[in-house]
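Inside the fold
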Amino acid sequence: MTALPRRRAAVQTVAGLVADGLVQAEDAPVLERVAQDFRLRLTAPMRQAAGGSAAVARQFVPTAEELVSRPDDLFDPIGDDVHAPVPGLTHRYPDRVILHVTKTCEVYCRFCFRRETVGDTGHLPQDQLDAALDYIRRTPAIWEVILTGGDPLVLSARRIAALVAQLSAIAHVGVIRLHTRVPVVAPERITDDLVAALRQHPSVWVVVHTNHADELTPEARDALTRLADAGVPLLSQSVLLRGVNDTVEALEHLFRALIRLRVKPYYLHHCDLARGAGHFRTTIAEGQALMAALRGRLSGTCLPTYVLDIPGGHGKVPIGPDHLHRDGDGWRVTDPNGGQHRYHDPGQS
Ligand SMILES: *Cc1c(COP(=O)(O)O)cnc(C)c1O
Ligand code: SF4
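First, a word on what this report is: a plain description of the structure on this page. Note that this is a predicted model, so its numbers are computed, not measured.

Focus: the overall build of the protein
Broken down by element type, the protein carries 11 helices and 12 strands. A globule of 349 residues ought to have a C-alpha radius of gyration of about 20 Å, and the protein, at 21 Å, matches this closely. Each of the three principal axes of the protein carries a C-alpha extent, and together these read 70 × 50 × 45 Å. Residues counted as buried form 50% of the 349 residues belonging to the protein. Put simply, 75% of the contacts in the protein that link residues at least 6 apart link residues at least 24 apart. For the protein, the accessible surface area stands at approximately 15800 Å², while carbon and sulfur atoms represent 54% of it. When the 38 basic and 40 acidic side-chain charges of the protein are each reduced to a single mean position, those positions are 3 Å apart.

Have a look at this one:
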């Protein structure tokens, strides 16, 4: 195998993808239309990885399939706008809020559930950020602040430091959580300054979005190790994606790699109803079969919860597979090999 040329810059144009050999020249006109609708960007490491991995390429390289809208597709698939007390803040559950600190990302994923709103618009304007912080300050029920976007770690270490300092001054904020793809797709951003900015608060958790082990380049592994060594607890979230990670082997490989890196798989999301992302969607039954096959085969530490974000802003729920069913006055339990067992609850009359 010949070595791929080393990519040092991000690619943001269809012409750039043609030059990289990631798309065919004759497909360029239709992909230009896609790129007008849904922004395009691969960081240097993902550009490099896409050249050697179809699973990486499929996540970031646009295709004509994105122009296909299906009747069930939604503009705001997870209902971010349903529970927005002030701009940039989503307050769906009493004890936690989501603060959309920016709409910019390092990469633009072709299946993004916020694809209608992400883009290079920069960080939340200062007056809106101040209003959001004010809301958090005067709402003592808020125990956890989740920073997302876009991707919160596209902000400078200085800006993150200021934000974490402001949140740390609010006594009822016990936990700050960041949902980010940066440690994987732009690992050079995980600097000592950034780690120090996060460490200002005693309980900052980082949830890394990653969908395939091929994304975990040596640089990404180093970035995750820097965070873990600094004492930042790490979780992961993945999206179940047709043609990317919808096999037992792909998921097994990913989850084992993450646990070795001290990242606990947290959620496996069923693919949301984002417009033009239908070709990425599996059925729920397929997702349940994958999770059932992984149970017993992998350490419990490796297994995330398979969840559905109920369209319309009604929240996330685990969607199985179910191992427990009512059976007369007791239960029928399915073991990891599919065997069925009766269980009688001694406390139940
Ligand atoms: C996913 C989500 C959260 C966080 O949910 P957890 O289950 O605690 O990870 C919070 N608010 C909103 C609006 C969400 O969509
Ligand atoms: S990094 Fe997250 S928010 Fe940004 S495009 Fe990908 S899925 Fe969407």
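What about the layout of surface pockets?
In this structure, the largest pocket occupies an estimated 790 Å³ of space. Looking at the lining of the largest pocket, the elements that each hand over two or more residues are β1 (89-93), β2 (96-100), β3 (144-148), β4 (175-180), β6 (234-239), β7 (263-269), β8 (305-309) and β9 (316-318). Within the lining of the largest pocket, the residues separate by chemical class into 19 nonpolar, 11 polar and 11 charged. The space that makes up the second largest pocket amounts to roughly 380 Å³. As for the second largest pocket, its lining consists of 27 residues, and the residues nearest its centre are Asp80, Asp81, His100, Lys103 and Thr117. Split into classes, the residues belonging to the lining of the second largest pocket amount to 10 nonpolar, 11 polar and 6 charged.

Regarding the sheet that holds β9
Reading across the sheet, the 9 strands line up as β1-β2-β3-β4-β5-β6-β7-β8-β9 and stay open at both edges, with mixed pairing between neighbours. Of all the strands in the sheet, just β1 and β9 have a single pairing partner and so form its edges. With direction set aside, neighbouring strand axes in the sheet form an average angle of 25°. Across 4 bridges, β3 lies against β4 in parallel orientation. Within β4, the position partnered with Val145 by the bridge is Ile176.

Re the site of ligand 2
The local shell around ligand 2 consists of Cys105, Val107, Tyr108, Cys109, Cys112, Val118, Gly150, Arg181 and His209. Structurally, ligand 2 is housed in the largest pocket. Considering only residue class, the shell around ligand 2 consists of 6 nonpolar, 2 polar and 1 charged.

A word on the nonpolar core
The biggest cluster of nonpolar side chains holds 89 residues, and the ones touching the most others in it are Leu42, Leu99, Ile136, Val145, Leu147 and Leu167. If one sorts the elements of this core by residue count, helix α10 (residues 248-260) sits on top with 6 residues. Setting aside its immediate chain neighbours within four residues, Val145 contacts Val97, Leu99, Ile136, Leu167, Val173, Val175, Ile176 and Arg177.

Examining the site of ligand 1
Around ligand 1, a shell composed of Thr90, Arg92, Tyr93, Arg96, Ile98, Ile146, Arg177, Tyr266, Tyr267 and Lys316 is seen. A distance of 2.6 Å separates an oxygen atom of ligand 1 from a polar atom in the side chain of Arg96. Between ligand 1 and the protein, one listed contact pairs an oxygen atom with a side-chain N or O atom of Tyr267 at 2.5 Å. Burial of ligand 1 by the protein amounts to 92% of the accessible area it has alone, namely 380 Å². Applying the majority rule of atoms within 2 Å of the grid points places ligand 1 in the largest pocket. With 3 residues, the single largest contributor to the shell around ligand 1 is β1.

Cut-offs applied
Throughout, residues of each chain are indexed from 1 in the direction in which the sequence is written. Lettering of chains starts at A and numbering of ligands starts at 1, both following the order in which they are written. Confidence filtering applies because this is a predicted model: local features only for residues at pLDDT of at least 70, side-chain atom pairs given and counted only at 80 or more, and all residues used for totals across whole chains, interfaces and linings. Each side-chain value is worked out from all heavy atoms of the structure, with water and hydrogens disregarded. The way it works is that DSSP assigns letters per residue, a run of H or I at least four long becomes a helix, a run of E at least two long becomes a strand, and they are numbered from the N terminus. Only C-alpha atoms enter the radius of gyration, while the globule expectation follows 2.2 Å times N to the 0.38, with N the number of residues. Only protein chains enter the accessibility calculation, which uses a 1.4 Å probe. A residue is then buried if its area is under 20% of the maximum for its type, exposed if over 50%, and partly exposed in between. Contacts are assigned to residue pairs that have any heavy atoms within 4.5 Å of one another. For the accessible areas, the method is Shrake-Rupley and the probe is 1.4 Å, while residue cover comes only from the protein chains on display. His is not counted, nor are the chain ends; Lys and Arg add positive charge and Asp and Glu add negative charge. In this description, the location of a charge corresponds to atom NZ of lysine, CZ of arginine, CG of aspartate or CD of glutamate. The definitions used throughout rest on a 1 Å grid laid over the protein atoms alone, on which a cavity is an enclosed set of points accommodating a 1.4 Å probe that cannot get out and a pocket is an open set flanked by protein within 12 Å on both sides along at least five of seven lines; lining residues are those having an atom within 4 Å of a point. Grid points are joined across faces, edges and corners, and a volume is the space filled by probe spheres set on the points. Charged means Asp, Glu, Lys or Arg here, nonpolar means Ala, Val, Leu, Ile, Met, Phe, Trp, Tyr, Cys or Pro, and polar covers whatever is left, Gly included. Strands are labelled as partners when DSSP assigns at least two bridges between them. Lines are fitted to the C-alpha atoms to define the axes, a helix being fitted only along its stretch in contact, and any angle between axes, read from their N-to-C directions, falls within 0 to 180 degrees. Being near a molecule or strand, for a residue, means having at least one of its heavy atoms within 4 Å of it. The way we define it, a molecule is inside a pocket or cavity when more than half of its atoms are within 2 Å of that pocket's grid points. Residue types Ala, Val, Leu, Ile, Met, Phe, Trp, Tyr and Cys, when buried and joined through side-chain atoms within 4.5 Å, form a set referred to as a nonpolar core. Nitrogen and oxygen atoms within 3.5 Å of one another constitute a polar contact, given that in protein one can donate a hydrogen and the other can accept it, and given that sequence-neighbouring residues count only through two side-chain atoms.

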